[in-house]
2 protein chains.
Amino acid sequence: MVYKFGNNTADGSKELTQLLGGKGANLAEMAQLGLPVPPGFTITTDTCKQYLKSRSMPPNLKEQVQDALHTLQKQTSAELGNPDTPLLVSVRSGAPASMPGMMDTVLNLGLNAQTVQGLARQTQNRRFAYDSWRRFIQMFANIVLELSHGDFEDILEDLKKQEDIRTDSELGADALERLVQQYRQHLDRAKVAVPDDPHEQLWQTIAAVFQSWENERARTYRRLHNIPDDWGTAVTVQAMVFGNLGDDCATGVAFTRDPATGENRLYGEYLVNAQGEDVVAGIRTPHPLTENARAELGADEPAMETLMPETFAELARVRGILEKHYRDMQDIEFTVQNGVLYMLQTRAGKRSVNAATRIACEMVAEGLVSTAEALMRVEPESLRQILHPTLADDADSPELGRGLPASPGAASGVAVFSASAAEKYADEDDVILCRNETSPEDIQGMYVARGILTTRGGMTSHAAVVARGMGRPCVVGAGSLVIDEVSERLVAYEGTPREVVVTQGQRITIDGGGGRIFSGAAKMVEPSLDANFESLMTWADEHRRLGIRVNADTPEDCRTAIRFGAEGIGLCRTEHMFFHPSRMLAMREMIVAATSEGRRAALAKLQPVQRGDFAEIFRIMDGRPVTIRLLDPPLHEFLPRSDEEQLQLAESLGISAERLRERLRRLTEVNPMLGHRGCRLAMTYPEIYEMQLRAIFEAAREVRGGGVEVAPEIMVPLVSFAGELRRVREMVEAVAREVAPDVRYLVGTMIELPRAALRAGELARLGDFFSFGTNDLTQTALGLSRDDAGAFLPGYETAGVIERDPFTTLDSVGVGELVRLGVERGRAANPDLKIGICGEHGGDPASIEFFAGLGLDYVSCSPFRLPIARLSSGRASVIN
Amino acid sequence: MVYKFGNNTADGSKELTQLLGGKGANLAEMAQLGLPVPPGFTITTDTCKQYLKSRSMPPNLKEQVQDALHTLQKQTSAELGNPDTPLLVSVRSGAPASMPGMMDTVLNLGLNAQTVQGLARQTQNRRFAYDSWRRFIQMFANIVLELSHGDFEDILEDLKKQEDIRTDSELGADALERLVQQYRQHLDRAKVAVPDDPHEQLWQTIAAVFQSWENERARTYRRLHNIPDDWGTAVTVQAMVFGNLGDDCATGVAFTRDPATGENRLYGEYLVNAQGEDVVAGIRTPHPLTENARAELGADEPAMETLMPETFAELARVRGILEKHYRDMQDIEFTVQNGVLYMLQTRAGKRSVNAATRIACEMVAEGLVSTAEALMRVEPESLRQILHPTLADDADSPELGRGLPASPGAASGVAVFSASAAEKYADEDDVILCRNETSPEDIQGMYVARGILTTRGGMTSHAAVVARGMGRPCVVGAGSLVIDEVSERLVAYEGTPREVVVTQGQRITIDGGGGRIFSGAAKMVEPSLDANFESLMTWADEHRRLGIRVNADTPEDCRTAIRFGAEGIGLCRTEHMFFHPSRMLAMREMIVAATSEGRRAALAKLQPVQRGDFAEIFRIMDGRPVTIRLLDPPLHEFLPRSDEEQLQLAESLGISAERLRERLRRLTEVNPMLGHRGCRLAMTYPEIYEMQLRAIFEAAREVRGGGVEVAPEIMVPLVSFAGELRRVREMVEAVAREVAPDVRYLVGTMIELPRAALRAGELARLGDFFSFGTNDLTQTALGLSRDDAGAFLPGYETAGVIERDPFTTLDSVGVGELVRLGVERGRAANPDLKIGICGEHGGDPASIEFFAGLGLDYVSCSPFRLPIARLSSGRASVIN
């Protein structure tokens, strides 16, 4: 339960992070490295878990702590509670994952009316001793006794007024002694007390730090950062060192490389004669460590390099040892007491994405890390920031308001306030679709828009989900804006000097990565992908075993995809090809046709369009596999809504508006997600797939005739029964034989329904490949409509019922088991089966790791997520 | 590939039905029993399957047939094709399951220009010989050469005109010889021929019979009767015997007991000097076998008993042997040739449900069968016919039209043409809801109606499915009726002497078991469940291991359920309690309330109502377990639709109609099935379940105070995550502790989502019981909305993609695997877990057999299916 460290030795090491927390494990590691670490000991996270479960200290803990304390006292030649040689300790929390400031710390523990005298004698600094005591009382009262911090600050302020002084440091020793008296009176009034016995102080503090694992802000932080609730925190008890004993003392923080740019130089700040909390509290302004940095900042105060050259040299030596040992950029805390450097913490440093790629690449060049390790140094999700056009640093358009950054990238366009307006304007200009919230009937408008803005809804709202799927920049929940959809205007109240009105057709800019909205066309920069980025991608490709494909429906998508390294198309959604207003009419004619002849007439209009699209995509993809999903129209997304649209359609069909409405009413489904879609439509109306197959194979023949290789992979959506796949396969074979007998192709099936996953063996004998549609598989396995889940799913995350949104990261133990069963059964029945995944999870790092573990052949994701998928796949190979 | 039979011995037996078909296996069995069977041989179903797969006769078949033919020739002292001693054979199909008339038969095979002379000499009957020949040519041409039967009939008719005679039997030998010539000319014109060589005749006929397995009517029959397409048919080749050689010859069919009443007496018909096909064709009227039957019918022609006393005695002896041997009522075919009885077929006889129960009971009394065997003699589904009120035999109300019998039982009431009218009239009178088709918004009207009639839709339409679930008689797809929902009238065109108009408020009767509609209140009879039925139920209860519970929401349902033997309630759907118009308003107030206070106000109105309902149900169920499912409102079923309803609700809520519509719009879901329902609603608005729990436990306390035992089992709907069940369990425990600490109760969960089945281990540790909701589990596992599947699912059955409607019989290999996994994992984690099933499949015999195999504790079904479930469960125990 207790691990000691100090004097160049330690019971623990950095391998024990889960048990000792990050802080405790790295203190042990540094001690073992021979670095100057004040001695101490760490109580394990397991002990914390036991405590939280039973609400009492485990038996034997007291003995083990006493033993460790005994060692500590010998090492420091001091004793807890001894007025002559008082030992002071800090008691700090430390979880396995970094949770900065979320849990509690008590410093200067060991002081009471007797030991404060000893401290004053030892340091020959009575003011320092009383200041340390009052700080201890304040922290103990706040953390252990749960009194308000503010009350103590009020007492301090009152005293300063009485003394007629302005800063804490002007308070003398006597004043501080009086302050301690006043603090103790405040405690009496609250009917609580700080124990005099330092052992009792220690014991109560340990319990309070355990307890702090469950405070509200720690819970919230864990939820936001996906840290499991059952990890618990370790507690580190360490001998105090003081940076505030005089001018040969200091405290500071540093990064072993520049966290903003990644440059290979020590980077940090320090304060002379100060305690760590002074840096954090921002009471005094810290100074740079190096002369270079000082010069860059144009600061006057001397750098540590100049002021404390020997200690600085020691710090530089420590930096070298740490980087060589950890093989990563470190974020360190140190204290200098009377000219001697003490290391208080080291951990991997947070860094910008550009710094991360630069550091990873330079460390490879320096021989510090392998390319495999380099991959582990860059968080895949962070690449998001550098792949889209972003707002220029010097963009100075007036800000209209803020919302949630739902889908990254910046976009400018004219504001429109309805899906139909978006469709109307989209051919002439870029548009930003502005809605209070979106629904499935807006989907065509969203598709043609450059960006989407809503005033309501959260990160899992319809707008957010669809925009991410389509790769459109999106800001949601911009509550300070008011959109009046009837009068077609947007009014910004806050974040602007005065009320600003934007009417339809006026230009605005949204920043989907930062959640901001601007009036006018703000200045943007195209992403610049540097050599470091390219190196990283190359290494990821060298390591990864998963293939990377793209979900792409348009030539533009395909070009982006090739630039970002796609090896093929994993999902070409043929229905998206019809979102363009000019094609929508024929699509609608097809859907509402009451007869086979009516459908054929509409299909005859669509076929040349599809053939042209496929031919262009085949040419761009230049021999790479192109997986084409046959039509899977969620009917309700295609039906005409407005009177105008209905009138136009009725006219085009040559029927009365009345007849049309009757027909639309019949097509309306109670649960369209589970309705007459996917291959079910083809079972009823085979002519639809026949048209598409003809378009595909005619395009293939044409392109191949032009000397370009083609590799179509025909994918059947929404299969639940073997008979469905068998029938469509026969259709494919018949058309291929007739139209393009020389074109080689594959036929496969989506696995997107639980039954399909369970019956994978049967399906694998009928198909050449599987592609898991994890979006629909999640919807059906969880019985959860993505369009409707916004009403309750966010609450599930808050309440801890789910750890992550299952539409973002695959629910590995539920939906994931269906994927696993599907893979096992499919491969067992057909060892040559190619298996991929084309849901949105194909671009999510955690999900990719899961898929890699299952031995899938490829993942497919939206174009802008390709680098993330490549890096994630490379990392997955390194981990497994 | 070939099994011989004859001369009191046989290669096969009735155990080989799968291989030899029913006919072949039972001929072999009868031969072994020493009964008079003309010798022959049977080619196996496996051979048929090989033939159909490769489209060619398997190697070695010819040798084996030659060998069997050789034996047959020795046994009959005749030879195929020998003009002196010609052997004539019949070639008949025979599948493992009875498919009467669906496949093909050729008689008199072996005749040609030479052998017909021999036959004439042998029988000393030239007319008979030529008649046999022309019949053979006609059958061979039709079945093997695929010529139209009608053409030959035309030639025959022409000849009769030329000869100026009226009946076939008046045609003399010469005329028949000319007829054969004309038949052969007709064949020449069609460029086909009947081979002269009898071996070639045989060979071609065997192939044609194999082929007939795949003809259209056989496919259709198999689909309707759930016979697998891959079974194949056997072919039996048998020496011909003739019932048409003179007055000491006859042919007949008989049942060993009366198939209508079950009375223990020989029952059948015969024709003197006739062939079997004469009976079937209905050309001559057959006569009764016994004098008793003759007297009952008042017929003049003598019974066989009188006319052929010796042969009749032989038949009676055979009947005794067959019943004793088969221990079941038999349906037999026989021929008498020159006074000698020959058995041509025996099989289990079809019988009415009343006959089935009587025969089963009497055979137990006679010591012929055990009670376990008796259960296997009655088809559970057939009980449907005797459980509901039915139309009286002497009902003489005028028929308005016919439709599909979608849900059994007869019901009378005033016709209403909208759900709101149904609700309006239901308090005063019984109503029949008449719609062109129904949708979820009609559900309240369907609930309050006594019966439902639609003019469109099939057996899986919304109306049919919901009516069966609610136990309401229902006729769907009555296409000859026209309902004008606007002018509120129904017009009947066909099935009536003239156009009849029914306006709102006029009384009609529907017969949901027969699919008929009558004007006025037709005379009905209540089901009379006789002593045989009760004995059968008792035996079923003795054998079954599955418990039987009921899905019941009302006191009336509960009383019916107890009468039909329910051991408890497996599903009480609390939302159904609110379908009554008087309660609907408060329910709607609750749903659309925007605030917690608004919901609490509405809930306060609902609570006393629920408490009263629960108390009454507890009293009726008298200590039996009562499983109460907490609210699972499919919101869209409860929202007000009409302007009137909306206005009323807005007024009651004190908000504007505008506000209400905005609120309704927000509550509208894209996929309500996968939306904010079940326990998800309780996670967002815990006060709803709190109200219900309070009502349950207050009712329990009250009833228990009155001395009646209560056993509530609280069931949580739509759980997918453990956290949901944990939270609701905590709510239950808190309310129970506070309100009724002495009441013992269980808390369990529905398993109705694939994830819940997969995560059953985790859920089982949090619950006392599981109840599989196989309706929703089917919808989610198959991604199939029951409300919308009507557009394509019937086509799936026709096309053979599915064998049975998965909402009727559990999809055992798909959904069934989820149930199996759920049971295994649940039991492994919690050995005390009680497991039941409460979907509609709980009343389906095939599904019950599956559930029994999994070792479930109980099934729960609608009240009128309880006897079916009891019998099915008893049978399942006997089978397993």
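Attention here is on the structure that accompanies the text. Since we're looking at a predicted model, the values are computed, not measured. (Residues numbered from 1 in each chain as written. Chains lettered and ligands numbered in written order. Predicted model: local features only at pLDDT ≥ 70, side-chain atom pairs only at ≥ 80, totals over all residues. Heavy atoms only, no water.)

## Side note on the sheet that holds strand 20 (residues 489-492) of chain A
Residue and element names in this part refer to chain A. Within the open sheet, the three strands sit side by side as 19-20-21. Their pairing is antiparallel. Looking at the sheet topology across the chains shown, the edges are occupied by strand 19 (481-484) and strand 21 (500-503). Averaged over all pairs of adjacent strands, the angle between strand axes in this sheet comes to 20°, irrespective of strand direction. Summarising the sheet, strand 20 and strand 21 pair through four bridges and their orientation is antiparallel. In the strand pairing of strand 21, alanine 492 is matched with valine 500. (Pairing = 2+ DSSP bridges. Helix = DSSP H or I, 4+ residues; strand = E, 2+ residues; numbered from the N terminus. Axes fitted to C-alpha atoms, helices over the stretch in contact; angles between N-to-C directions.)

## Quick word on the pairing of strand 30 (residues 769-772) of chain B
For a regular strand, the rule is simple: side chains alternate between the two faces of the sheet. Residues and elements named next belong to chain B. Of the two faces of strand 30, the one carrying Phe769 and Ser771 and the one carrying Phe770 and Phe772 are both buried. Of the strand pairs in this sheet, strand 29 (residues 746-751) and strand 30 are connected by four bridges, and their pairing is parallel. When the sheet's bridge partners are listed, glycine 748 is paired in strand 30 with phenylalanine 769. In this sheet, strand 31 (residues 834-837) lies alongside strand 30 in parallel orientation, the contact comprising four bridges. (Buried < 20%, exposed > 50% of the residue type's maximum accessible area, 1.4 Å probe, protein only.)

## So, the interface of chain A and chain B
Interface size is commonly expressed as the accessible surface area that is lost when the partners come together. If you look at the interface, chain A gives 49 residues, while chain B gives 49 residues. Counting the surface lost from both chain A and chain B, the interface buries some 4,200 Å², and carbon and sulfur atoms represent 59% of this. Where chain A touches chain B, the interface holds four salt bridges. The interface formed by chain A and chain B contains 22 residue pairs in polar contact (both at pLDDT 80 or more). At four residues, the largest contribution of residues to the side of chain A that touches chain B is made by helix 26 (residues 679-684) of chain A. Taken together, the residues that form the side of chain A that touches chain B break down as 22 nonpolar, 12 polar and 15 charged. (Contact = heavy atoms within 4.5 Å. Buried area = accessible area lost by both parts, 1.4 Å probe. Salt bridge = Lys/Arg side-chain N within 4 Å of Asp/Glu carboxyl O. Polar contact = N/O pair within 3.5 Å; in protein donor to acceptor, adjacent residues only side chain to side chain. Nonpolar A, V, L, I, M, F, W, Y, C, P; charged D, E, K, R; others polar.)

## Observations concerning the relation of the copies chain A and chain B
Once turned by 180° and shifted 0.1 Å along the axis, chain A lies on chain B with an RMSD of 0.1 Å. As the rotation angle and translation indicate, the two copies are arranged about a two-fold axis. Most of the interface of chain A is mirrored in chain B, where 100% of its interface residues are also at the interface. (Least-squares fit on C-alpha atoms with pLDDT ≥ 70 in both.)

## Notes on the packing of aromatic side chains
Summed over the entire model, instances satisfying the criterion amount to 22 aromatic pairs over all chains. Measuring from centroid to centroid gives 6.0 Å for A:Tyr130 and A:Trp133, while their planes differ by 50°, and the two rings are tilted. Taken together, the positions of A:Tyr130 and A:Trp133, both in helix 5 (residues 126-143) and three residues apart, correspond to about one turn of that helix. According to the relative accessible area criterion, A:Tyr130 is buried, its value standing at 3%. With 6.2 Å between their ring centres and 70° between their planes, A:Tyr796 and B:Phe721 make a pair best called edge-to-face. Here the residue A:Tyr796 occupies a position in helix 32 (residues 793-798), and B:Phe721 occupies one in the loop between strand 28 (711-716) and helix 28 (722-739), the pair thus bridging two chains. Residue A:Tyr796 shares its accessibility class with B:Phe721, and that shared class is buried. The rings of A:Phe721, B:Phe792 and B:Tyr796 are connected pair by pair, giving a single aromatic cluster. Stacked on the ring of B:Phe564, the Lys or Arg B:Arg563 has its end atom at 5.3 Å from the ring centre. (Phe/Tyr/Trp six-rings, centres within 6.5 Å; stacked < 30°, edge-to-face > 60°. Lys NZ or Arg CZ within 6 Å of the ring centre and 35° of its normal.)

## With respect to the nonpolar core
In terms of nonpolar packing, the biggest core is built from 302 residues, with A:Leu383, A:Phe618, A:Phe697, B:Leu383, B:Phe618 and B:Phe697 touching the most fellow members. Setting aside anything within four residues of it in sequence, one finds A:Phe618 in contact with A:Gly623, A:Val626, A:Ile628, A:Ile696, A:Ala699, A:Ala700, A:Val703, A:Val708, A:Glu709, A:Val710 and A:Pro712. One finds A:Leu80, A:Val89, A:Leu111 and A:Ala218 within the second-largest nonpolar core, a separate group that totals 73 residues. (Core = buried A, V, L, I, M, F, W, Y, C linked by side-chain atoms within 4.5 Å.)

## Some words on the pattern of salt bridges
When the charged atoms of two side chains lie near each other, side chains of opposite charge can form a pair. Tallied over the entire structure, the rule returns 126 salt bridges over all chains. We note a salt bridge from A:Asp394 to A:Lys523, for which the minimum N-O separation is 2.8 Å. Placement of A:Asp394 in the loop between strand 12 (390-391) and strand 13 (399-402) and of A:Lys523 in the loop between strand 23 (516-519) and strand 24 (524-525) is noted, with a sequence separation of 129 residues between them. Accessibility expressed as a relative area gives 48% for A:Asp394, which makes it partly exposed. For A:Lys523, a relative accessible area of 47% translates into the label partly exposed. Put simply, B:Glu296 and B:Arg265 hold a salt bridge, and the shortest N to O gap is 2.9 Å. Taken together, the positions of B:Glu296 in helix 11 (residues 291-297) and B:Arg265 in the loop between strand 7 (250-255) and strand 8 (267-272) put the pair 31 residues apart, joining distant regions of the chain.

## Things to note about the sheet that holds strand 31 of chain B
Two modes of strand pairing occur in sheets, parallel and antiparallel, and in both the strands are linked by backbone hydrogen bonds. Residue and element names in this part refer to chain B. The sheet built from eight strands closes into a barrel, its strands ordered 25-26-27-28-29-30-31-32 with parallel pairing. Averaged over neighbouring strand pairs, the angle between their axes works out to 25° when direction is ignored. Pairing between strand 27 (residues 625-629) and strand 28: five bridges, direction parallel. Note that in strand 28 the partner of valine 626 across the bridge is proline 712. In this fold helix 28 packs onto strand 28 and strand 29, with an angle of close to 150° to the strand it touches most, strand 29.

## Remarks on helix 35 (residues 866-879) of chain B
Residues and elements named next belong to chain B. Counted at 1.5 Å a residue, the expected span for helix 35 with its 14 residues is 20 Å, and the 20 Å between its end C-alpha atoms agrees. Burial analysis of helix 35 places 12 of its 14 residues in the buried class, the great majority of the element. Looking at helix 35, one finds that the buried residues are Leu866, Pro867, Ile868, Ala869, Arg870, Leu871, Ser872, Ser873, Gly874, Arg875, Ala876 and Ser877. (Expected span 1.5 Å × (residues − 1).)

## Observations regarding the side chain of A:Asp442
Residues and elements named next belong to chain A. By secondary structure assignment, the location of aspartate 442 is in the loop between strand 16 (431-435) and helix 18 (443-448). Judged by relative accessible area, aspartate 442 falls into the buried class, the value being 4%. Setting aside chain neighbours within four positions, we find aspartate 442 in contact with Ala419, Arg435 and Glu437.

## Here's the deal with the packing of helix 20 (residues 531-543) of chain A against helix 35 (residues 866-879) of chain A
Residues and elements named next belong to chain A. Look at helix 20 against helix 35: their axes get within 8 Å of each other, and the N-to-C directions meet at 50°. Classified by the interaxial angle, the pair formed by helix 20 and helix 35 is oblique. In this structure, helix 20 meets helix 35 at a crossing whose hand is left-handed. Across the interface between the two elements, Phe533, Leu536, Met537, Ala540, Asp541 and His543 of helix 20 pack against Pro867, Arg870, Leu871, Gly874, Ser877 and Val878 of helix 35. Its residues placed into classes, the contact of helix 20 with helix 35 shows seven nonpolar, three polar and two charged. (Parallel < 35°, antiparallel > 145°, perpendicular 65-115°, else oblique. Left-handed = near helix turned anticlockwise from the far one by under 90°.)

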